[in-house]
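Listed below, chain by chain, are the residues.
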Amino acid sequence: LMSFFYLAFFILDRHKFAHRVKRAFPPERSSQMLEVARQINDGLEQYLQVKTLVSAGMGLSSALVMYLFGVPYWVLWGFLFFALNYITYVG
């Protein structure tokens, strides 16, 4: 719960992050830190895009196979395949 609140406040205050880093560190060090943060952000964004596409493909293909075999509630199962693959620790 504490981590959730920390993350929520960090996200709400993200627009001030670059300014605070620039004030706290020398110019060369702050630009280096902000570049590393940008690279991390880009990597996370790319990971989420790939994870979403793979999970959607898995959910859609499993739903299609279940539909073809006449499995009841195939839409629900397809959604569960997507959601449980997307949320790694649950799936």
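Below, the structure is looked at part by part. These figures come from a predicted structure and were not determined experimentally.

**Section: unusual backbone geometry**
Point 1. Despite not being glycine, Tyr73 has its phi angle at roughly 60 degrees, a positive value.
Point 2. In this structure, Tyr73 sits in the loop between α3 (27-68) and α4 (74-86).

**Digging into the packing of helix α2 (residues 17-24) against α3**
Point 1. At a closest axis distance of 9 Å, the pairing of α2 and α3 adopts a crossing angle of 150 degrees. With respect to α3, the element α2 is oriented roughly antiparallel. At the point where α2 passes α3, the crossing takes the right-handed sense. In this structure, α2 uses Phe17, Ala18, Val21 and Lys22 to contact α3, whose residues at the interface are Ser30, Met33, Leu34 and Ala37.
Point 2. Partitioned by chemical class, the residues of the contact of α2 with α3 number six nonpolar, one polar and one charged.

**Focus on the environment of Leu48**
Point 1. Mapped onto the elements, Leu48 comes out in helix α3.
Point 2. Judged by relative accessible area, which is 43%, Leu48 ranks as partly exposed.
Point 3. C-alpha of Leu48 to C-alpha of Gly78: the two residues are 30 residues apart in sequence and 20 Å apart in space.

**A look at the layout of surface pockets**
Picture a little ball the size of a water molecule; that probe, rolled over the atoms, points out where space is still empty.
Point 1. By volume, the largest pocket is sized at about 430 Å³.
Point 2. If you go around the largest pocket, the residues you meet are Leu7, Phe10, Ile11, Arg14, Phe17, Ala18, Leu34, Ala37, Arg38, Ile40, Asn41 and Leu44.
Point 3. Residue assignment for the lining of the largest pocket shows that the elements contributing at least two residues are α1 (2-12), α2 and α3.
Point 4. With six residues, the single largest contributor to the lining of the largest pocket is α3.

**Considering the side chain of Lys51**
Point 1. Summarising the element assignment, Lys51 is placed in helix α3.
Point 2. The side chain of Lys51 sits in the buried core without any salt bridge; Glu45 is the nearest counter-charge, 18 Å away.
Point 3. Apart from the residues lying within four places of it in its own chain, the contact partners of Lys51 are Asn85, Tyr86 and Thr88.

**Side note on the packing of aromatic side chains**
Point 1. One pass over the structure, following the stated rule, counts three aromatic pairs.
Point 2. Ring centres of Phe79 and Phe82 lie 6.5 Å apart, and the angle between their planes is 40 degrees; on these two criteria the pair is classed as tilted. Within this pair, Phe79 and its partner Phe82 are both found in helix α4, separated by three residues, close to a single helical turn.
Point 3. Ring-pair connections join several aromatic residues into one group, and the members of that group are Phe79, Phe82 and Tyr86.

**Section: the pattern of salt bridges**
Point 1. In total, this model carries two salt bridges according to the counting rule given.
Point 2. Close ionic contact of Arg38 with Glu35 constitutes a salt bridge, the shortest N to O distance being 2.5 Å. Remark: Glu35 and Arg38 occur in helix α3; sequence separation between them is three residues, near one turn of the helix.
Point 3. Owing to a relative accessible area of 33%, Glu35 belongs among the partly exposed residues under this scheme.
Point 4. The closest approach of N and O atoms between Arg38 and Asp42, which form a salt bridge, is 2.5 Å.

What counts, and at which threshold
- Residues numbered from 1 in each chain as written.
- Predicted model: local features only at pLDDT ≥ 70, side-chain atom pairs only at ≥ 80, totals over all residues.
- Heavy atoms only, no water.
- Helix = DSSP H or I, 4+ residues; strand = E, 2+ residues; numbered from the N terminus.
- Axes fitted to C-alpha atoms, helices over the stretch in contact; angles between N-to-C directions.
- Parallel < 35°, antiparallel > 145°, perpendicular 65-115°, else oblique.
- Left-handed = near helix turned anticlockwise from the far one by under 90°.
- Contact = heavy atoms within 4.5 Å.
- Nonpolar A, V, L, I, M, F, W, Y, C, P; charged D, E, K, R; others polar.
- Buried < 20%, exposed > 50% of the residue type's maximum accessible area, 1.4 Å probe, protein only.
- 1 Å grid on protein atoms, 1.4 Å probe; cavity = no way out; pocket = protein on both sides within 12 Å on 5 of 7 lines; lining within 4 Å.
- Points joined across faces, edges and corners; volume = space filled by probe spheres on them.
- Lys, Arg positive; Asp, Glu negative; His and termini not counted.
- Salt bridge = Lys/Arg side-chain N within 4 Å of Asp/Glu carboxyl O.
- Phe/Tyr/Trp six-rings, centres within 6.5 Å; stacked < 30°, edge-to-face > 60°.

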